[in-house]
Amino acid sequence: MGDLAASFARDGFVVLEGAIAPESLAPVRAAAARLVNEFDLDANRTVFRTDDRDSGRDEAFLQSATGVHCFLEQDALNEAGKLVVEKRRAINKIGHAMHDLVPEFTSFCRLPLFEETLHSIGMSEALLWQTMYIFKQPKIGGEVRWHQDASYLITRPATVIGFWIAMEDSTLENGCLWMQPGAHRSPLREIYEVDWSSRTGTLRTLDETPWPDFESARPLEVSAGSVVLFNDHMPHYSSHNSSPISREALTIHVAERSSEWCPGNWLQRGERAPFTMASGAQGRHESQPDLG
Ligand SMILES: O=C(O)CCC(=O)C(=O)O
């Protein structure tokens, strides 16, 4: 087993410091800024928060599985629902199908690094299910509570792998990721499943094992272009950003083609063809993203 595969198996995550050159980050950052600029905030006011056991997930959230939607930061709005920061500083994240719909994201996701890394940890054929562009805005960027991605992206067997790519330097001050080496071997604590007859999702507790504490967990302070590869059972967390500096990141979630994508998953591809990671694969460059 190579070094990367051995570290990944032991710790449940691997940091590839500075793995992506600034020239490859720039088009994705520019595309994210463009998507925010074009987004109609008056017509779409979905806030993304992680402190309400996910009860706030709405129809826009479900539809973003196959679209491109900007979700607001909770503290970007006052009690009257008015923006208290400029629009470009109000967005928590963009999700969840930019890989299908936005050419700059499609090309980025097919950088050979991703497929090669997956092969080196033993994944035979990866399908890409979800992209998220997370802003962690200056001063108002919200905390992301401890969670495991296998609660939200459910496959049988569990084969989901996340890539977290720092688009900017990520520090303790601006809300870097935290993970606990080896904690991917802990049980899945929660599961979020959708009842499609009512189109409502519920987060259920499966196991009361405590989340990691800040003594045993590690802050992953990394420079722009670094990649964190992590297992779907790895608990991870990021704090509120109280600093004046943003901490933009892109996440890419993939699963083994041969595993079953569960029907209760909030994210379904519908009729869309699978998105393969192969660098030579054809992208689905649709000219008009669904910004609804
Ligand atoms: O970027 C963050 O702060 C959190 C990202 C995350 O939780 C995820 O990708 O699952």
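I will try to describe carefully the structure that is included in this document.

Procedures and definitions
- Residues numbered from 1 in each chain as written.
- Predicted model: local features only at pLDDT ≥ 70, side-chain atom pairs only at ≥ 80, totals over all residues.
- Helix = DSSP H or I, 4+ residues; strand = E, 2+ residues; numbered from the N terminus.
- Rg over C-alpha atoms; globule rule 2.2 N^0.38 Å.
- Buried ≥ 20, exposed ≤ 12 C-beta atoms within 10 Å, placed from the backbone.
- Contact = placed C-beta atoms within 7 Å.
- Core = buried A, V, L, I, M, F, W, Y, C linked by C-beta atoms within 7 Å.
- Expected span 1.5 Å × (residues − 1).
- Arc of directions from axis to C-beta.
- Pairing = 2+ DSSP bridges.
- Near = placed C-beta within 6 Å.
- Nonpolar A, V, L, I, M, F, W, Y, C, P; charged D, E, K, R; others polar.
- Axes fitted to C-alpha atoms, helices over the stretch in contact; angles between N-to-C directions.

### Considerations on the overall build of the protein chain
Step number 1: Counting secondary structure elements, the protein chain contains six helices and 16 strands.
Step number 2: For 292 residues, the compact-globule estimate of 2.2 N^0.38 gives 19 Å, and the protein chain sits close to it at 18 Å.
Step number 3: Viewed in the frame of its principal axes, the protein chain has a C-alpha envelope of about 55 × 45 × 45 Å.
Step number 4: A total of 292 residues make up the protein chain; the buried ones form 38% of that total.
Step number 5: Contacts spanning at least 24 positions in sequence make up 84% of the contacts within the protein chain whose residues lie at least 6 apart.

### Focus: the nonpolar core
Nonpolar side chains tend toward joint burial in soluble globular proteins.
Step number 1: Within the largest apolar cluster, 65 residues are counted, with the highest numbers of intra-cluster contacts made by Ile94, Met98, Leu128, Ile165, Val228, Leu229 and Val254.
Step number 2: When residues of this core are assigned to their parent elements, the largest contribution, six residues, is made by strand E5 (residues 126-134).
Step number 3: For Leu128, the residues in contact, after removing those within four places along its chain, are His99, Cys109, Ile252, Val254, Phe275 and Met277.

### Some details on helix H2 (residues 22-38)
Each turn of an α-helix holds 3.6 residues, which means side chains three or four residues apart point in the same direction.
Step number 1: The end-to-end C-alpha distance of H2 is 24 Å, a good match for the 24 Å that 17 residues give at a rise of 1.5 Å each.
Step number 2: Residues of H2 that are buried: Val28, Ala32 and Leu35. Axial view of H2: buried residues confined to an arc of 60 degrees, hence all on one face. Opposite its buried face, H2 presents the exposed residues Pro22, Glu23, Ala26, Ala30, Arg34, Asn37 and Glu38, each directed more than 90 degrees away.

### Quick notes on the sheet that holds E5
Step number 1: What the eight strands build is an open sheet, ordered E1-E13-E8-E15-E5-E4-E3-E2; its pairing is mixed. Both outer strands of the open sheet, strand E1 (13-16) and strand E2 (47-48), are each paired with one neighbouring strand and no more.
Step number 2: Pairing of strand E3 (residues 68-73) with strand E4 (residues 91-96), which is carried by five bridges, proceeds in the antiparallel orientation. In the sheet register, His69 faces E4, and the bridge partner there is Gly95.

### Things to note about the site of the ligand
Step number 1: Neighbouring the ligand are the residues Ile134, Lys136, Val144, Asp149, Gly162, Trp164, Leu177, His236, Ser238, Ala249 and Thr251.
Step number 2: Elements that contribute at least two residues to the shell around the ligand include exactly strand E8 (161-166), strand E14 (236-238) and strand E15 (249-256).
Step number 3: Its residues assigned to classes, the shell around the ligand comprises five nonpolar, four polar and two charged.

### A look at the pairing of E4
If a strand is regular, its side chains alternate between the two faces of the sheet.
Step number 1: Of all six residues making up E4, six are buried, and the element is well covered by its neighbours.
Step number 2: Pairing analysis gives four bridges linking E4 to E5, with the strands arranged antiparallel. Residue pairing in the sheet places Ile94 in a bridge with Tyr133 of E5.

### Some words on the sheet that holds strand E6 (residues 144-147)
Step number 1: The four strands lie next to each other as E6-E14-E9-E12, forming an open sheet whose pairing is antiparallel. With one partner strand each, in any of the chains shown, E6 and strand E12 (218-220) form the two edges of the open sheet. In this sheet, neighbouring strand axes are inclined to one another by 25 degrees on average, regardless of whether the strands run parallel or antiparallel.
Step number 2: Bridging between strand E9 (residues 177-179) and E14 involves three bridges; their strand directions are antiparallel. Across the sheet, Leu177 pairs through a bridge with Ser238, a residue of E14.

### Things to note about the environment of Gly162
Step number 1: Take Gly162: it is sitting in strand E8.
Step number 2: The exposure class of Gly162 is buried, given the 21 C-beta atoms found within 10 Å.
Step number 3: On a C-alpha basis, the gap between Gly162 and Ser24 in space is 19 Å, while along the polypeptide they are 138 residues apart.
Step number 4: Setting aside its immediate chain neighbours within four residues, Gly162 contacts Asp149, Phe230, Asp232, Thr251 and His253.

### Here we look at the environment of Gly142
Step number 1: Take Gly142: it is sitting in the loop between E5 and E6.
Step number 2: Residue Gly142 is classed as buried on the basis of its 23 C-beta neighbours within 10 Å.
Step number 3: With 99 residues separating them in the primary sequence, Gly142 and Asn241 have C-alpha atoms 6.6 Å apart.
Step number 4: Aside from chain neighbours lying at most four places away, what touches Gly142 is Arg49, Thr50, Glu73, Gln74, Asn92 and His240.

### A look at the environment of Leu229
Step number 1: With respect to the helices, strands and loops of the structure, Leu229 is situated in strand E13 (residues 227-231).
Step number 2: A residue is classified by how many C-beta atoms lie within 10 Å of it, and Leu229, with 23 of them, is buried.
Step number 3: In the structure, Leu229 is positioned 227 residues away from Gly2 in sequence and 15 Å away in space, judged by C-alpha atoms.

### Focus: unusual backbone geometry
In most cases, non-glycine residues show a negative phi, while peptide bonds are predominantly trans.
Step number 1: With an omega of 0 degrees, the peptide bond between Gly95 and His96 qualifies as cis.
Step number 2: With respect to the secondary-structure elements, His96 resides in strand E4.
Step number 3: The peptide bond linking Arg156 to Pro157 adopts the cis configuration, its omega dihedral lying at -10 degrees.
Step number 4: Along the polypeptide, Pro157 turns up in the loop between strand E7 (155-156) and E8.

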